[in-house]
Amino acid sequence: MRHVLSILVRNQSGVLVRVASMFSRREFNIDSLSVGVTETAEFSRITVVVHGDEELIDQMMKQLEKLPDVVEVQALSPETSVFRGTTLIKVKADDTNRLDVLKMAEIFRAHVVDVRPTTLIFEITGDDEKVTAFLQLLSPYGILETIRAGLIALERGEHTIYENCEEREYYGKNLL
């Protein structure tokens, strides 16, 4: 089963390596990984998509919480969160099919970011199902390249990841 973990970390060099190493050492496979600064320069947020049962996810979260730079770990559910990913798609599009391809892009709210005589590059933002459906429709025209950025997510409503933050007694100690 797919799970999305939101990890609030201190914005310091090497944090991403330490978090990713935890997954690697314990042989957890990462499907998607995104990192970005938050509204506060002190923190960054890592969004990780992993597969596993509830017990495995619980174990992952406990291991992450032991890392000194990790401030909070939150499992996000699709029912109470917003998930988005960005994809760039380069597709063949010449005078014979360009209008058809552009009409499909409009339906999916994809944006044209580059136009050349024989190609178009689209940027599409949305959940995996939306992006996959768009790719399937573009496939007959000839997809030349795609790149998907990692998923990002936030919990809906007034709740934030900061609500459960607490200074851990072992912060700053070498646990590895």
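Throughout this document, residue positions are counted from 1 along each chain, in the order its sequence is written. At least 70 in pLDDT is required for a residue's local features to be given in this predicted model, at least 80 for side-chain atom pairs to be given and counted, and no such filter applies to totals for whole chains, interfaces and linings, which use all residues. Side-chain measures here rest on the full set of heavy atoms in the structure, leaving out hydrogens and waters.

(A) Region of interest: the pairing of strand β2 (residues 30-37). One requirement defines pairing of two strands: DSSP has to find at least two bridges between them. Helical segments are the DSSP runs of H or I of at least four residues, strand segments are the runs of E of at least two, and each set is numbered from the N terminus. The sheet contact formed by β2 and strand β3 (residues 43-51) spans 7 bridges and is antiparallel. Across the sheet, residue Val 35 finds its bridge partner in β3, namely Ile 46. The turn joining β2 and β3, which pair antiparallel and follow one another in sequence, is formed by 5 residues.

(B) Fine view of the nonpolar core. In these notes, a set of buried Ala, Val, Leu, Ile, Met, Phe, Trp, Tyr and Cys residues joined through side-chain atoms within 4.5 Å is what counts as a nonpolar core. When a residue's accessible area, from a 1.4 Å probe over protein chains only, is under 20% of the maximum for its type it is buried; when over 50% it is exposed; and in between it is partly exposed. Ranked by internal contacts, the top residues of the largest apolar core, which has 18 residues, are Ile 7, Val 19, Phe 23 and Leu 64. At the level of secondary structure, the elements contributing two or more residues to this core comprise β1 (2-10), α1 (15-25), β3, α2 (54-65) and β4 (70-76). Throughout, a residue-residue contact means that at least one pair of heavy atoms, one from each residue, lies within 4.5 Å. With sequence-adjacent residues up to four places away left out, Phe 23 is seen in contact with Phe 28, Ile 30, Val 48, Val 50, Met 60 and Leu 64. One finds Val 91, Phe 108, Ala 110 and Leu 120 within the second-largest nonpolar core, a separate group that totals 15 residues.

(C) Looking closely at the pattern of salt bridges. Note on definitions: salt bridges are taken to be side-chain nitrogens of Lys or Arg within 4 Å of carboxyl oxygens of Asp or Glu. Overall, the coordinates contain 7 salt bridges when judged by the stated rule. A salt bridge links Lys 62 to Asp 58; its shortest N-O distance comes to 3.2 Å. Pair noted here: Lys 62 and Asp 58 are both in helix α2, with a separation of 4 residues, about one helical turn. The partly exposed category is assigned to Lys 62, whose relative accessible area is 47%. Salt bridges here are not isolated pairs; linked through shared partners, they connect Arg 2, Asp 128 and Arg 148.

Just geometry here; none of it tells us what the structure is for.
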